[in-house]
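Report on the structure
The residues making up each chain are set out below.
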Amino acid sequence: MIQIKCFNLNREERKMKKILFSAYSLEIGGIETALVTLLNSLINKYNITLVLEKKQGDFLKDIDKRIEIITYTPSTNKNTVLRKTLNVCKRMFFSLRYKNKYDFAVSFATYSRPGSFVARTAAKNNALWVHSDYLATYQGNIEEAKRFFQSVNYNKFKTIVCISERAKQSFLTIFPEIKKEGFIQVIAINNMIDAGSIEEKAKEGIPLKKQEVTTFLHVGRHDEFSKKITRLIEAAKMLKEDGEKFKILLIGEGPNTKEYKNIVKKYDLENNIIFCGMQKNPYPYFNISDALILTSEFEGFPIVFNEARVLNLPIITTDVSDSKKDIEGKYGIVVEKDPHSIYMAMKKFIESGYQIQKKFDVQEFNKNIENQIERLID
């Protein structure tokens, strides 16, 4: 019997395409969570290099050991001449060593200028990942949004990947010439989700126990500009005035945490709103909550949507990202971006609950994303 040797080749012996991803760091965050999940899902099919500006963060240990991690850190020297000289040298060195050495390269942190340079240098087939609705980020100011994307040389990428349809449409509103002339491919690809890891981590113990009252969970950075957590606090104030019994768990920290705590104290809501701080593993908190709640002004595609769907937690959210398409009537309720609308949805949930209408097929969801990415690479 003749054996075909290629079937017995190990990963190192097989010819595998080389791909590179650039990012800022692997601190706790939505972009970083999405990146780790994506890289770990691709490592069996590709040789992967990850380039970080700062090799730090809690998620470093979650990266598959087969992924090579290197750094590209621009100088921040206060001496302007020295800083510029050092950075020119760094760019030259990187170009000499890595120019067009990869089959595919991604600038995953949208805002990173060094990451943009790295990805554009490493491969002719390259992509810029867009993690937010930047038209909303810049409050409808198209010129400011244009300047942002110009700063990362968006027009030198072969593909722009937006993580939601809304983000894609916003990008095409900022640059309508792309749609007309088609010189850059603009597509929408959601973030992958590691359901097995989420379900396993959700079993870990935490100090808090399930309360006998309806409990809402908010997970996200405490940044009022985008997350608008004051809307949630105002809604909570109205619920308390109605005599409703409820708890709100806030997972995360940020520049507005102190402000939020002061408002909570002012409204005498300290028994209703619990600040749980930054949590590397927020998933056990899903298990002691009755609904996930988002009150944001804008989002790319919130990873917590998928996390809630995996853990069968109903969602109450403002109209952000693709929530009308993906959440409303299936996994939860979509409301207007004001405290009263949020209050009404929470009150209705306290009194009547919400029955999830559709089982989340995570395998099909991930497979569709994997197929889209493979088409980009190949």
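Everything discussed here concerns the structure shown above.
These notes cover the structure that comes with them. (Residues numbered from 1 in each chain as written. Predicted model: local features only at pLDDT ≥ 70, side-chain atom pairs only at ≥ 80, totals over all residues. Heavy atoms only, no water.)

Its location among the elements puts His 222 in the loop between β8 (214-219) and α9 (224-227). His 222 sits in the buried class, given a relative accessible area of 0%. As a C-alpha pair, His 222 and Thr 85 span 137 residues in sequence and 38 Å in three-dimensional space. Non-local contacts of His 222, meaning those with residues more than four positions away in its chain, are made with Ile 229, Leu 250, Ile 251, Gly 252, Glu 253, Gly 254, Pro 255, Asn 256, Thr 257, Tyr 260 and Phe 275. At 3.2 Å, the side chain of His 222 and the backbone oxygen of Gly 252 are in polar contact. (Helix = DSSP H or I, 4+ residues; strand = E, 2+ residues; numbered from the N terminus. Buried < 20%, exposed > 50% of the residue type's maximum accessible area, 1.4 Å probe, protein only. Contact = heavy atoms within 4.5 Å. Polar contact = N/O pair within 3.5 Å; in protein donor to acceptor, adjacent residues only side chain to side chain.)

Glancing now at the sheet that holds strand β13 (residues 332-335). Across the sheet, which stays open at both edges, the 6 strands sit in the order β10-β9-β8-β11-β12-β13 with parallel pairing between neighbours. Pairing within the sheet leaves two strands with one partner each, and these edge strands are β10 (273-277) and β13. Ignoring strand direction, the axes of neighbouring strands in this sheet form an average angle of 20°. In this sheet, strand β11 (residues 291-294) lies alongside β8 in parallel orientation, the contact comprising 2 bridges. When the bridges of β11 are listed, Leu 217 appears paired with Leu 292. The sheet contacts of helix α13 (residues 303-310) involve β8, β11 and β12 (315-318), and relative to β11 the element is tilted by about 170°. The sheet contacts of helix α15 (residues 339-352) involve β8, β9 (246-251), β11, β12 and β13, and relative to β8 the element is tilted by about 135°. (Pairing = 2+ DSSP bridges. Axes fitted to C-alpha atoms, helices over the stretch in contact; angles between N-to-C directions.)

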